[in-house]
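Chain by chain, the residues:
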Amino acid sequence: MRIGTLKETYIADAALFDSRTQQVWLALGVGVLLLFPFMASDYWLYLACLVSINVASATGLNILTGYTGLVSLGQAAFMGLGAYTVALLELRVGSPFLLNLLAGGFVAMLGGLIVGIPSLRVKGLYLAIATIAASFIAHFLFANSAFTGGTGGLTVPPAKLWGVLLDTSFRLYWVIVPVTVLMLLGAANLFRTRVGRAFIAIRDRDISAEVLGIPLLRYKLLSFGLSSFYAGLAGGLWAYFFRVVTPESFPLSMSIFFLAAIIVGGMGSMLGGILGAVFMTMVPELLKLGVALLPRGTELTVFLSPVRTVLFGLLIIGFLVFEPHGLAEVWRRIRRFFHLWPFRN
């Protein structure tokens, strides 16, 4: 059982993966990600790409809500800003794929900075209502502007990267998953810096943080900006993946989806954002798959279709009631159990 680590240098103390066990798990994870597309069907590749996009957006929301303590229900709107930016640049300008993604992230960041201005005066439920208002405004602009294609939306041509046409789930996998991994590493490193520590101080007690000399408005806006940047990148990946961007692609329910993901996974935890996004994406698909395996034409199949949705909702409620710290805490308990089990009487 690991009970501590000895750090002899500053480099060792600042290392993100500071033990041999973590390095082995990291190597195994990279190996699985590299082998997965050669073994999976198109359906599972589709799900892997969708999970990666959701993980990226949930990680951004976790920066804002889980680590900074600012509630937002506008994540889908920021994803929409990124998606529309990517679609317009691809259609009207024809700029490179990676440049379009970064542009989508920065446009969403600008929107997040604007929406984050009220965060100095309001918080909690009032801030959530302000972000909902911003979401409605964004949806109105998407649906009533000829520039964005109105209610018909925009059709995005397949992306090209170094001359390779990204027109299949297999090819997109090699772009979406690495970008998501880089975003996760960036977020993990963020909370080892003074900026990340300032976010956590604001979450724990904003008045005390201000007394310590942390400028609240600056860091709250920075948190909104980083969260929106992640959402914009995820929205850009979403646009290239589905290749159709409409106002109905980013409803308020999607923002609730991401908020539920970080709550179920565990707020204020990188692992929680990942597990929550995987849970919220995969469980409905697995329940749908279970219903699809039943014999066709049976009354039970028709009956279980709405039951699947109810069961999914009950699972979320169950986590909120019985495990408020989320799936990340469940995983920690499992690790502690198996570490201690051999030494029990």
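Preceding block: the structure.
Since we're looking at a predicted model, the values are computed, not measured.

## Digging into the environment of I137
Working step 1: Here I137 shows up in helix α6 (residues 125-143).
Working step 2: On the basis of relative accessibility, which here comes to 54%, the residue I137 falls in the exposed class.
Working step 3: Through-space distance from the C-alpha of I137 to that of A77 is 8.9 Å; in sequence the pair is 60 residues apart.

## A closer look at the pattern of salt bridges
Working step 1: In the structure shown here, the tally under the stated rule is 4 salt bridges.
Working step 2: Of the charged contacts in the structure, one is a salt bridge between D167 and R171, with a shortest N-O distance of 3.3 Å.
Working step 3: D167 sits in the partly exposed class, given a relative accessible area of 36%.
Working step 4: Of the charged contacts in the structure, one is a salt bridge between R203 and D204, with a shortest N-O distance of 3.2 Å.
Working step 5: The exposure class assigned to R203 is partly exposed, which follows from its relative accessible area of 32%.
Working step 6: Classification of D204 as exposed rests on a relative accessible area of 54%.
Working step 7: Taken together, the shared-partner salt bridges in this structure form one network comprising E329, R332 and R333.

## Topic: helix α4 (residues 75-93)
Working step 1: Here α4 spans 26 Å end to end across 19 residues, near enough to the 27 Å set by a 1.5 Å rise per residue.
Working step 2: Burial runs high along α4: 14 of the 19 residues are buried.
Working step 3: Directly beyond the C-terminal end of α4, a positive phi value near 75° is found at G94.

## A look at the nonpolar core
If you look at soluble globular proteins, the nonpolar side chains tend to sit buried side by side.
Working step 1: Among the nonpolar cores identified, the biggest contains 78 residues, and I53, M79, F97, F199, V245 and F250 are the most heavily contacted of them.
Working step 2: When residues in this core are grouped by element, the largest group, 14 residues, is from helix α10 (residues 216-242).
Working step 3: Contacts of I53, omitting those with residues within four sequence positions, involve M79, I176, T180, A234, L237, W238 and F241.
Working step 4: Within the second largest apolar cluster, 10 residues are counted, among which are M280, F312, I316 and F319.

What counts and what doesn't
Residues numbered from 1 in each chain as written. Predicted model: local features only at pLDDT ≥ 70, side-chain atom pairs only at ≥ 80, totals over all residues. Heavy atoms only, no water. Helix = DSSP H or I, 4+ residues; strand = E, 2+ residues; numbered from the N terminus. Buried < 20%, exposed > 50% of the residue type's maximum accessible area, 1.4 Å probe, protein only. Salt bridge = Lys/Arg side-chain N within 4 Å of Asp/Glu carboxyl O. Expected span 1.5 Å × (residues − 1). Core = buried A, V, L, I, M, F, W, Y, C linked by side-chain atoms within 4.5 Å. Contact = heavy atoms within 4.5 Å.

So, to be careful, I would describe these as geometric facts and stop short of saying anything about function.
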